[in-house]
Amino acid sequence: MAALLKQSARLGLSGRHGQVFCRLPWALSFQRYMFNANKKILVEMDKSTGVALMKMANPPVNLLNLETLTEFAISMEKLELDKDCKGLILTSSLSKVFTAGLDIMEMCGKSPEHVTEFWRAVQEMWLKLYGSNLVTIAAINGFSPGAGCLMALACDYRIMADNVKYSIGLNETQLGIVAPFWLVTRELRPSLFS
Ligand SMILES: CC/C=C\CCC/C=C/C(=O)SCCNC(=O)CCNC(=O)[C@H](O)C(C)(C)COP(=O)(O)OP(=O)(O)OC[C@H]1O[C@@H](n2cnc3c(N)ncnc32)[C@H](O)[C@@H]1OP(=O)(O)O
């Protein structure tokens, strides 16, 4: 795990944005590639190590709206299809927020069809992460409430920045949102499935 984190530091947070399957020049050609569908999720894959660095990049607080969730699922699919990819580090491109969780505006005043589509995307995101064949690590570099906490829990390993200001936890009931049954039973009460 330490080696993976060292790798993440080496990969750096210096990815060039706005590119789809762009290869780095000369020596690193065919060793590293980056992709992002719409710039909300940035992926940098190092084929020489098999480690992908995925950064949520939806300022100001990395809200998980329909667009971002969809992009996340597509990015996960691409990595799962890459036979060279063995591990994934999930982190944030922002300085103090991992993710502020679900965008509550996606559930406020929207049509039942939209809300259904949104929750389907939430479930898809969780299935992709929790069910991934990759070794997954959440590098939690800031606040991580609600779905941010659940994303971290869905990873195999979690490491959080050592800063007392940052908090992580399940606060959705304070907002009147109940975590869905598939999540509570699978992740928060795994003994039911053992
Ligand atoms: C796998 C998952 C499966 C199931 C999930 C089930 C349940 C999950 C539910 C949720 O995730 S509910 C959402 C929980 N999140 C929160 O409660 C976060 C609340 N936000 C904060 O605490 C702070 O924003 C912060 C993350 C600590 C960052 O603080 P900062 O001071 O940097 O930013 P600010 O508060 O000014 O926010 C900027 C901007 O963003 C809006 N915002 C923040 N969070 C949300 C949100 N969750 N949904 C919608 N909008 C949000 C905030 O209102 C500001 O908007 P403004 O600039 O227009 O005022």
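Looking at an unreviewed UniProt entry, one finds the protein named Enoyl-CoA delta isomerase 1, mitochondrial, with Latimeria chalumnae as its source organism. Note on the protein: under the UniProt heading Function (unreviewed entry), the record states "Key enzyme of fatty acid beta-oxidation. Able to isomerize both 3-cis (3Z) and 3-trans (3E) double bonds into the 2-trans (2E) form in a range of enoyl-CoA species, with a preference for (3Z)-enoyl-CoAs over (3E)-enoyl-CoAs. The catalytic efficiency of this enzyme is not affected by the fatty acyl chain length." Database annotation for the protein, UniProt heading Subcellular location (unreviewed entry): "Mitochondrion matrix".

*Asks:* Would you mind going over the site of the ligand with me for this structure?
*Replies:* The environment of the ligand is formed by 23 residues, the closest being A100, L102, I104, A147 and N171. A distance of 2.9 Å is found between a nitrogen atom of the ligand and a backbone nitrogen or oxygen belonging to L102. Starting from 1,100 Å² of accessible surface for the ligand in isolation, the protein chains cover 65%. Elements with a minimum of two residues in the shell around the ligand: α3 (112-130) and α4 (147-154). Among the elements that take part in the shell around the ligand, α3 stands out by supplying three residues, more than any other. Looking at the shell around the ligand, its residues break down into 17 nonpolar, three polar and three charged.

*Asks:* Could you clarify how one ought to interpret unusual backbone geometry in this entry?
*Replies:* A negative phi angle is the norm for most residues apart from glycine, just as the trans form is the norm for most peptide bonds. That bond from P59 to P60 is cis: its omega, 10°, falls within 30 degrees of zero. By the element assignment, P60 lies in the loop between β4 (51-56) and α2 (66-81). Its identity as a non-glycine residue notwithstanding, N62 has a phi of 55°, on the positive side.

*Asks:* Would you explain the nonpolar core in this entry?
*Replies:* The nonpolar side chains of a soluble globular protein tend to be buried, and buried together. Membership of the largest hydrophobic core comes to 37 residues, with the highest contact counts inside it found for M54, F72, L79, L90 and L129. The element best represented in this core is α3, accounting for six residues. Non-local contacts of L129, meaning those with residues more than four positions away in its chain, are made with F72, M76, L88, L90, T136, M151, A154 and C155. Residues V51, L53, I89 and A139 belong to the second largest nonpolar core, which totals five residues.

Rules and cut-offs
- Residues numbered from 1 in each chain as written.
- Predicted model: local features only at pLDDT ≥ 70, side-chain atom pairs only at ≥ 80, totals over all residues.
- Heavy atoms only, no water.
- UniProt positions renumbered as here; feature names shortened; annotations may be inferred.
- Near = heavy atom within 4 Å.
- Polar contact = N/O pair within 3.5 Å; in protein donor to acceptor, adjacent residues only side chain to side chain.
- Areas by Shrake-Rupley, 256 points an atom, 1.4 Å probe, with all protein chains shown as cover.
- Helix = DSSP H or I, 4+ residues; strand = E, 2+ residues; numbered from the N terminus.
- Nonpolar A, V, L, I, M, F, W, Y, C, P; charged D, E, K, R; others polar.
- Core = buried A, V, L, I, M, F, W, Y, C linked by side-chain atoms within 4.5 Å.
- Buried < 20%, exposed > 50% of the residue type's maximum accessible area, 1.4 Å probe, protein only.
- Contact = heavy atoms within 4.5 Å.

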